Amino acid sequence: MTSRRLYFKLMREDLKSRLWAFAQPCLGFFFLFPVGAAFLAGEIREYANYQTGLLRYQKELAMLLGFDNGVTVFLMIVAALICGLSSFSFLNSRSKVDFYHSLPVRREIFFLVNYIDGILILMIPYAVCLALGVILGIANGGVAGTVIPLAVRSFGLEMTYFVLMYTVVVVAAMLTGHLVVGFLGCLVLAFLVPIAVGVLQGYFDTFFYSYLSGWGDEFFEMGIRISPVTEYIMRVASYGSGEGMTMAVCVAWGVSVILAVCACLLYRIRPSEAAGKAMVFGVSRPLVRIPVVIVSGLGLGLLFWSIRESTGWAVFGVICGSVIAHCVMEMIYHFDLKKLFSCKGQLAGCILAGVAVLLVFRYDAFGYDTWTPKEEELASAAVYFGSMSDWTDYGEIVMEEDGYYNWISADNFSWVFDRMAYTDTENILGIAEAGIAKLQEQKERTVLREDEAGYTWGYENAGEIDAEYPDGNYYIYVCFHLTNGRKVYRQYIISLNGLEERLDRMITDRQYREGVYPLMNLHAEEVAGIHFRTTRNDETKLLGLKEEEKKALLEAYQREFSTLTFEEMYTKAPIGLIRFTTGEEEEAVQWYERQEELKFRDYSNRYPNYRLTDMQYYPVYESFAETIRLLEAQQINTDFYEKADISGITVNWYDNSTQVNHSERITDDREVEQILAVLAVPGLQYYNQFYRYSDVSADISIDEGKSVSNYTISFPRGQVPESILERLRENR
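Remember, it's a predicted structure, so these values are computed and weren't measured experimentally.

**Q** Would you explain a nonpolar patch on the surface in this entry?
**A** On the surface, Val180, Phe183, Leu184, Leu187, Phe191 and Ile195 cluster together into a nonpolar patch covering about 470 Å² of accessible area. The exposure class of Phe183 is partly exposed, given its relative accessible area of 35%.

**Q** I keep staring at helix H2 (residues 19-32) and nothing clicks. Help me out?
**A** Each α-helix turn comprises 3.6 residues. Residues three or four places apart therefore point the same way. With 14 residues, H2 should cover 20 Å at 1.5 Å per step; its first-to-last C-alpha distance of 20 Å lies within 8% of that length. Those residues of H2 lying buried are Ala21, Pro25, Phe29 and Leu32. On an axial view of H2, the arc spanned by its buried residues comes to 55°, and they lie on one face. Exposed side chains of H2 directed beyond 90 degrees from the buried face belong to Leu19, Leu27 and Phe31. The elements touched by buried residues of H2 are helix H3 (34-41), helix H4 (50-65), helix H5 (70-87) and helix H7 (107-139).

**Q** Please clarify how the packing of aromatic side chains should be interpreted in this entry.
**A** The geometry of an aromatic ring pair is captured by two quantities: the separation of the ring centres and the angle between the planes. The final tally for this structure, using the stated rule, is 63 aromatic pairs. Taken together, a centroid distance of 5.3 Å and an interplanar angle of 20° make the contact between Tyr126 and Phe155 stacked. Residue Tyr126 is located in helix H7, and its partner Phe155 is located in helix H8 (residues 144-175); the two are separated by 29 residues in the primary sequence. Judged by relative accessible area, which is 1%, Tyr126 ranks as buried. Between the NZ or CZ atom of Arg490 and the centre of the ring of Tyr368, over which it lies, the distance is 3.8 Å. Positioned over the ring face of Tyr570 is Arg692, at 3.6 Å from the centre of the ring.

**Q** How do you make sense of the sheet that holds strand E8 (residues 576-581) when you look at a structure like this?
**A** Remark on secondary structure: sheet strands pair via backbone hydrogen bonds, oriented parallel or antiparallel. In spatial order, the strands read E7-E6-E8-E9; together these four strands make up an open sheet with antiparallel pairing. Looking at strand neighbours, the two that pair on one side only are strand E7 (538-542) and strand E9 (618-620), the edges of this open sheet. Strand-to-strand, the axes of this sheet are offset by a mean angle of 25°, without reference to chain direction. By the bridge criterion, five bridges tie strand E6 (residues 529-535) to E8 in an arrangement that is antiparallel. Pairing of Gly529 across the sheet is with Thr581, part of E8. On the sheet, helix H23 (residues 583-598) packs against E6, E7 and E8 and is oriented at approximately 115° with respect to E8.

**Q** Can you help me understand unusual backbone geometry in this one?
**A** A negative phi angle characterises most non-glycine residues, just as the trans form characterises most peptide bonds. Backbone geometry at Asp364 places phi at a positive 45°, although glycine is not the residue there. In this structure, Asp364 sits in the loop between helix H15 (344-362) and strand E1 (378-384). Note on Asp364: relative accessible area 11%, which makes it buried.

**Q** Which parts of the structure should I look at to understand the sheet that holds strand E13 (residues 708-716)?
**A** Taken together, four strands build an open sheet; the order of strands is E11-E10-E12-E13 and the sheet is antiparallel. Pairing within the sheet leaves two strands with one partner each, and these edge strands are strand E11 (660-666) and E13. Taken pair by pair, the neighbouring strands of this sheet meet at an average axis angle of 25°, ignoring direction. Against the sheet, helix H26 (residues 669-678) touches strand E10 (645-655), E11, strand E12 (693-703) and E13, its axis set at about 75° to E10.

**Q** Mind showing me how you'd approach the pairing of E6 here?
**A** Working note: regular strand, side chains alternate between the two faces of the sheet. Among the seven residues in E6, seven count as buried, and that is most of the element. Counted between consecutive antiparallel strands, the loop separating E6 from E7 contains two residues.

**Q** Please clarify how empty space enclosed by the protein should be interpreted in this entry.
**A** Summed over all chains, the structure comprises four cavities of 30 Å³ or more. Approximately 70 Å³ is the volume attributed to the second largest cavity. Considering the residues around the second largest cavity, the lining is formed by 13 residues, among which Met388, Trp391, Met569, Tyr621 and Tyr687 are closest to the centre. Considered class by class, the residues forming the lining of the second largest cavity number 10 nonpolar, three polar and no charged.

**Q** Help me understand the confidence of the model for the protein, please; the structure alone is not making it clear to me.
**A** In low-pLDDT segments, the atomic positions of the prediction should not be examined closely. Model confidence for the protein is summarised by a mean pLDDT of 87, while 93% of its residues fall at 70 or above. Between residues 447-460, whose pLDDT stays under 50, and residues either more than four places distant or in other chains, the model counts 37 contacts.

**Q** What's the story with the layout of surface pockets in this structure? I'm lost.
**A** In this approach a probe as big as a water molecule rolls over the atoms, and the regions it shows empty are the leftover space. One number sums up the size of the largest pocket: a volume of about 970 Å³. Together, 41 residues line the largest pocket, and Gly185, Val188, Leu189, Phe191 and Leu192 are the ones closest to its centre. For the lining of the largest pocket, the elements supplying multiple residues, two or more each, are H8, helix H9 (179-207), helix H11 (228-239), helix H12 (246-269), helix H13 (284-308) and helix H14 (311-334). If you tally residues by element for the lining of the largest pocket, the top one is H9, at 10 residues. For the lining of the largest pocket, the residue count by class is 33 nonpolar, five polar and three charged.

**Q** Sorry, what's going on with the packing of H8 against H12 here?
**A** Their axes nearest at 9 Å, the elements H8 and H12 cross at an angle of 25°. Relative to H12, the element H8 lies roughly parallel. Every pair of crossing elements has a handedness; the one defined by H8 and H12 is left-handed. Between H8, through Leu157, Thr160, Tyr161, Val163, Leu164, Thr167, Val168, Val170, Val171, Met174 and Leu175, and H12, the contact on the second element is made entirely by Ala248, Val249, Ala252, Trp253, Val255, Ser256, Leu259, Ala260, Ala263, Leu266 and Tyr267. For the contact of H8 with H12, a count of residues per class yields 19 nonpolar, three polar and no charged.

**Q** Please clarify how the packing of H8 against H9 should be interpreted in this entry.
**A** In a pair of packed helices, the angle between the axes and the distance between the axes together describe the arrangement. Taken N-terminus to C-terminus, the directions of H8 and H9 make an angle of 130°; their axes are 8 Å apart at the nearest point. Between H8 and H9, the angle is such that the two are oblique. Pair H8 / H9 crosses with right-handed handedness. Seen from H8, the contacting residues are Val168, Val169, Val171 and Ala172; seen from H9, they are Gly182, Gly185, Cys186 and Leu189. Grouping the amino acids of the contact of H8 with H9 by side-chain chemistry returns six nonpolar, two polar and no charged.

Each value, and the rule that gives it
Residues numbered from 1 in each chain as written. Predicted model: local features only at pLDDT ≥ 70, side-chain atom pairs only at ≥ 80, totals over all residues. Heavy atoms only, no water. Patch = residues over 30% accessible without salt bridge, like charges linked within 9 Å, V, L, I, M, F, W, Y side chains within 5 Å. Areas by Shrake-Rupley, 256 points an atom, 1.4 Å probe, with all protein chains shown as cover. Salt bridge = Lys/Arg side-chain N within 4 Å of Asp/Glu carboxyl O. Buried < 20%, exposed > 50% of the residue type's maximum accessible area, 1.4 Å probe, protein only. Helix = DSSP H or I, 4+ residues; strand = E, 2+ residues; numbered from the N terminus. Expected span 1.5 Å × (residues − 1). Arc of directions from axis to C-beta. Contact = heavy atoms within 4.5 Å. Phe/Tyr/Trp six-rings, centres within 6.5 Å; stacked < 30°, edge-to-face > 60°. Lys NZ or Arg CZ within 6 Å of the ring centre and 35° of its normal. Pairing = 2+ DSSP bridges. Axes fitted to C-alpha atoms, helices over the stretch in contact; angles between N-to-C directions. 1 Å grid on protein atoms, 1.4 Å probe; cavity = no way out; pocket = protein on both sides within 12 Å on 5 of 7 lines; lining within 4 Å. Points joined across faces, edges and corners; volume = space filled by probe spheres on them. Nonpolar A, V, L, I, M, F, W, Y, C, P; charged D, E, K, R; others polar. pLDDT = per-residue confidence, 0-100. Parallel < 35°, antiparallel > 145°, perpendicular 65-115°, else oblique. Left-handed = near helix turned anticlockwise from the far one by under 90°.

Laid out in structure tokens, this is it:
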């Protein structure tokens, strides 16, 4: 029976022999925490306002000591690898194995000594340096009540995932008898499943045109999280979102205990003569080799397809990848080139399996791209039609502790998919069927996807004046809410031709509008200010309106915006932009304007990623009669060209057939009026991606006081004044 004194003596001797491993985390964590905390304190002086600098330091200190510090993550991953392999490196030497196993110590005790020492080598320097960082942080202005709980929580979380990664490395050490092979084994255990999942996801993304990457991928996410390293990184990435960690920590510790017990059992049955061999247990060879070979074959097959889009070359890639991986694995197993083609039957099986998977995806054997739910199975849908709302700002303005306002952007898809419940199931299924037909056309041609905005560059009739860009293709993204509670995500490519009626029916539906545009959910009592602009330099603010005036203007705009159809968008661009701000948003706008005047003097190290004065604007069209009437009642002139000081207009037409540009300077007042009557306001075409352009454009120079701005604006198709067309034809 081994005494407690012997146990601690063995632990002490083991630690003495591994001082080199102990020194590395000491050095890394010393420079990260104590030195980092002192270094960041020097930035306080860089702020004109001491309190602002102090608040900034407290925030940076929290990032330094917190769980989501990327440098800490890197050090933990490297330390887990070093500590795990060094803890049982003696198993790779026959002389050392014979010596240690000759001692009157049970293998379980020997395993426990080395396993615990590997954890202490990291934990002790981490705890000491973290404590020093906390002390220095508090001494320089950090709040003890905030910093200490944060550091304690971070310590617990970091050690949880270190132990998990470390234990996986120990398992790899138990399965191998060579240091280099042990390192490769760590990579296989940590990354084989995530790589396999990534390759499979690549096949979905490549061959299934309706696959919407990143949505409905719970299976893929679970596969990625099987790796302790990727689980650790993903938990760090989601930490700031406030996601609960209790269950994840319990699972991590449970898995660590199970893996530690398995490693101990493997150590018990591990033969001493296994030292120096690549794989200790023969049964583990095919269990590792077969998945590696199949994944390698599929990965190389996908690479060949992405280069040539040829089934033959993809099959060739699968065969080559499988053969190469098989030969490399056999060479590692046997350290003998003569064994490269051992287990030919398994190699043939892997090749057949890889080719079968490739063909299933290539020819959509299970009908992924042609699937739609039956109408009785569909409860509702959420639809994101990007070209209809790309200009919409999703997110919110927040004020941070130091009084700094910032825009926190939200994911467009998440915002829409979480809020919309479009119940016109017959209509959305009709749109989906049209999208499927378009996808099948693309599959038959095996062409690359067109530009996201849907434009096919070029003209329908080269050499014809006032031609237009041909109708393009547009992406539409759908989340089907099934009656059984499932959510199924798809993306489709559609052409507007023949779908205008269905699309008009969708975009004018209240459920669609409220699920896509945040403004449609705003109530009059929430409105603090109203802004109208034609350009950034031409803006009017309405801040003192009565409640009934704000309500009338908001409701008029919401009502008229809801009736906007493709027919109008084809021929008209917005004439202006309107913004309805809440009280907090109005405070943020005014704060931003003050800071711009001060050039952000009080926040010298920070500058917003977004101009808060340019956010959350919505288009106003000429047909919005009630909205325009109410704006004009507040002395707002909505006619941009009526108040613009135009110093010159030049009409241009580029002849595709001759590749010659034709220009005409316009000076006649009547022609100038005709041009301005149909021309869009500069910069506002972005808010209407369905506006049908002519190939005739106008260069307009506008005197804006301090400078002259030059704009190039395309005419709407079919609305170029006839006199202009005649002059261009005459001067060709």
